Amino acid sequence: MKLTAEQLKAFDEQGYVFFPDCFSEFEIALLRQEAENILRLNRPEIWREKTGAPRTAFAAHTFSDVFGLLARHPRLVVPLQQLFGEDVYVHQFKLNAKAAFEGDVWQWHQDYGTWQRDDGMPEARAMNIAVFLDEVMPINGPLLLIPKSHKQGVFEAGHDTLTTSYPLWTLDKDTVTRLVCEAEDGSSAGIVAPTGKPGSVLMFHGNLVHASPPNITPYPRKIVYLTLCAVSNHITKFNRAEWIAHRDFTPIAPVDDGALADYARAHQVAAE
Ligand code: SIN
Ligand code: MN
């Protein structure tokens, strides 16, 4: 999947691109089932909310064949090879549960702010690609993005280790208000919440400011975040666990486009 000129322009101007229907319901059924199994495991890579509900499973691509295929999927990898003009490797792999009733807030932040400060990543030549495993609705804790906020580099941030179970470099209210009300070009950027069916994909710039509210509904909101980094831009500090910020900079060799569907057929996952 190559990005069109129009998508490249939208990405440059707005800081994100949304692809509804990127993965089929058949492919997603496989991923969702695997995600539910993983979130029930008891292992150090699986972090819980303060209530005990699952929050984030890290590095599932290293211990699950299904997520191993997703991390090498050409629909995710090829657009980033195109954008960065070189090979990419997996910097991080997260399955965020945002569990029904218990999924907690993600405060306003920039992903690259953490990768730069904590991992010594030289430039914002890495980004998250979100794959929706459940329907993301306005009501179940969708990702909130501030369009155009990727244009001004890394903002000052405070290290929040208290609000949730996951430490994060978060932005203050004045910065968020300024970015929402007055973008770099003088327009009012506002806030967008891309919503859509399972199988939708959202790519967003490493400096795009984003957050998500708690999920107080009975509808879970599982999203996988594959973080791909240009190989020449690999991290230089190894402060965090290897399964949070990977140290294997081997370029990804993409699998076949049909790899997930083939796997599902071979393992007789619910009929097509
Ligand atoms: C993130 O920004 O890394 C996660 C946000 C979310 O899953 O809502
Ligand atoms: Mn983030």
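Refer to the preceding data block for the structure.
What counts, and where the lines are drawn
Residues numbered from 1 in each chain as written. Chains lettered and ligands numbered in written order. Predicted model: local features only at pLDDT ≥ 70, side-chain atom pairs only at ≥ 80, totals over all residues. Heavy atoms only, no water. Donors = N, O, S within 2.8 Å, 3.2 Å for Na, K, Ca; no water. Buried < 20%, exposed > 50% of the residue type's maximum accessible area, 1.4 Å probe, protein only. Phe/Tyr/Trp six-rings, centres within 6.5 Å; stacked < 30°, edge-to-face > 60°. Helix = DSSP H or I, 4+ residues; strand = E, 2+ residues; numbered from the N terminus. Lys NZ or Arg CZ within 6 Å of the ring centre and 35° of its normal.

Asks: How should the coordination of the manganese ion (ligand 2) be read in this particular structure?
Replies: At this site the manganese ion (ligand 2) is bound by H109 (NE2), D111 (OD) and H210 (NE2), with donor distances of 2.0 to 2.2 Å. Ordering the donors of the manganese ion (ligand 2) by residue number gives the pattern H-x1-D-x98-H. Among the residues examined, H109 registers a relative accessible area of 4% and is labelled buried. When its relative accessible area of 6% is taken as the criterion, D111 is described as buried.

Asks: Is there a simple way to think about the packing of aromatic side chains in this case?
Replies: On inspection of all chains with the given rule, the structure shows 5 aromatic pairs. Ring geometry for F18 against F132: centres 5.8 Å apart, planes inclined by 45 degrees, an arrangement best described as tilted. With F18 in strand β1 (residues 16-19) and F132 in strand β6 (residues 126-132), this pair connects stretches of sequence that are 114 residues apart. By relative accessible area, F132 is classed as buried at 2%. Each residue in the set W47, F58 and W243 is aromatic and connected to the rest through ring pairs, giving one cluster. The ring of F63 has R43 sitting right over it, with the charged end atom 3.7 Å from the ring centre. Above the plane of the ring of Y225 lies K94, whose end atom (NZ or CZ) is 5.3 Å from the centre.

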